[in-house]
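Structure at a glance
Now for the letters of each chain:
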Amino acid sequence: MTKQNLVSGMRSTGKLHLGHYKGVIENWVKLQEEYNCFYFVADWHALTTKFDKTETLREDKLNVVTDWLACGIDPEKATIYIQSEIPEIAQLHILLSMVTPNNWVERDPTLKDMIKMIKSGEDNNVQMSYGLLGYPVLMSADIMTFNAQVVPVGVDQLAHLEITRDIARRFNNIYNVELFNEPLPKLTQVPLLKGVDGQKMGKSFHNDIKISDDEETTAKKVMQAITDRSRLRKTDLGHPDKCEVVFDYYKVFADEQTVSCVCEECQKGERGCADCKRQLAKIINEAFAPIREKRIYYAENPKLVKEILANGRDKARPVAQSVLQQVNDAVRISL
Ligand code: TRP
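These numbers come from a predicted model, not from an experiment. (Residues numbered from 1 in each chain as written. Predicted model: local features only at pLDDT ≥ 70, side-chain atom pairs only at ≥ 80, totals over all residues. Heavy atoms only, no water.)

The subject of this paragraph is the nonpolar core. Grouped together as the largest cluster of nonpolar side chains are 52 residues, with contacts concentrated most on I25, Y39, V65, W68, I211, Y249 and Y250. Among the elements that line this core, the one with the most residues is helix α13 (residues 273–300), at eight residues. Two domains each put at least three residues into this core: domain 1 (5–193 + 301–331) and domain 2 (213–295). Not counting residues within four places of it along the chain, the set of residues in contact with I25 comprises M10, L16, H20, W68, C71, I73 and I211. Residues I89, V99, M144 and A330 belong to the second largest nonpolar core, which totals 43 residues. (Core = buried A, V, L, I, M, F, W, Y, C linked by side-chain atoms within 4.5 Å. Buried < 20%, exposed > 50% of the residue type's maximum accessible area, 1.4 Å probe, protein only. Helix = DSSP H or I, 4+ residues; strand = E, 2+ residues; numbered from the N terminus. Domains from an automatic or database assignment. Contact = heavy atoms within 4.5 Å.)

Right, dumping it as structure tokens:
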């Protein structure tokens, strides 16, 4: 049986953190064995909110891809590219925008959240743009340009994907074709990793540990992590279940035996939080050592990364062109 097409993207946010690794990339690495995977950096999507902050856009894109390669996304198995290098996505976006009723995008709860966040302050410069309103339509174009059957996303993206399915169905109906699949989401079953301060992990909150951080930086950040706040001395009995960050990280990065040992010692007051964090930093550093080594290699060879991206684009475009040909025929844009 031929493999199904799978599309997934990440906005070009720059260097990725451990949450990206556990929540997304680790899963992508597995999926490249089972599916015909198309992984891309959504740089146009980045512009929907950061159109006036493009100073670091180029390096951000390269950093994202460098992290992917270091983590084991394999250009021999998956097709890796930059969204803006596939003009067919923009072409399809135009056509999809014609068949998408305004109220479909206006009621998209994820988009509403983005708009709310923008309006709530933080960034007064960002206004609601035509481009941002089209966010889910552009995302649909990303997926439908490769006529994907499967899209791995987090729960926050489900609303967008619902619109994609609606658009695909509507396109097929209007033009009386069976061209587009209605792509299914593939949810990642991993607990969300919090930032070291216990809030949502994110670059803008300065609470993230990067995949590319060195050992010292990682240790420093882990030492800042919050633990069970009611515990002041080592001999106080601890509550691992209330230790939101550190114990959660143990559960994600340490083996079972270590987790149960940490849990027991903490509950008995036999393990201090500082020692506990020191050990956690060591575990994280050991887990990421091979990835970080590979990352340094790619970071020192940006030409190689660009070459991989050029090859990915050249592999992706014929697929995109073939879909666009069918689309243009269906709409009767082609003569
Ligand atoms: N909106 C996604 C996010 O913020 C990124 C994205 C853009 C995407 N286009 C996509 C994900 C297509 C999957 C498929 O995470």
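Structure shown, so let's carry the discussion forward.
Here we come to the pattern of salt bridges. Applying the stated criterion to the full structure yields 20 salt bridges. Close ionic contact of D314 with R313 constitutes a salt bridge, the shortest N to O distance being 3.1 Å. On the accessibility criterion, D314 (44% relative accessible area) is partly exposed. By relative accessible area, which is 27% here, R313 ends up partly exposed. One continuous salt-bridge network, built from bridges that share partners, spans R165, D166, R169 and E182. (Salt bridge = Lys/Arg side-chain N within 4 Å of Asp/Glu carboxyl O.)

This part is about the site of the ligand. Lining the immediate environment of the ligand, one finds 13 residues, of which R11, F40, Y135, D142 and Q157 sit closest. In this structure, a nitrogen atom belonging to the ligand sits 2.7 Å away from a side-chain N or O atom of D142. Surface burial for the ligand is 90%, taken as the share of its 370 Å² of free accessible area covered by protein chains. Within the residue set of the shell around the ligand, elements represented by two or more residues are β1 (5–11), β2 (36–42), α8 (135–144) and β4 (150–153). The biggest single contributor to the shell around the ligand is α8, with four residues. Taken together, the residues of the shell around the ligand sort by class into seven nonpolar, four polar and two charged. (Near = heavy atom within 4 Å. Polar contact = N/O pair within 3.5 Å; in protein donor to acceptor, adjacent residues only side chain to side chain. Areas by Shrake-Rupley, 256 points an atom, 1.4 Å probe, with all protein chains shown as cover. Nonpolar A, V, L, I, M, F, W, Y, C, P; charged D, E, K, R; others polar.)

Moving on, we come to the state of the cysteines. Considering all chains together, one arrives at zero disulfides under this definition. The structure places no disulfide on C37, whose sulfur is separated from the nearest cysteine sulfur, that of C71, by 15 Å. With no disulfide partner, C276 has as its closest neighbouring cysteine sulfur the one in C266, 6.5 Å distant. (Disulfide = S-S within 2.5 Å.)

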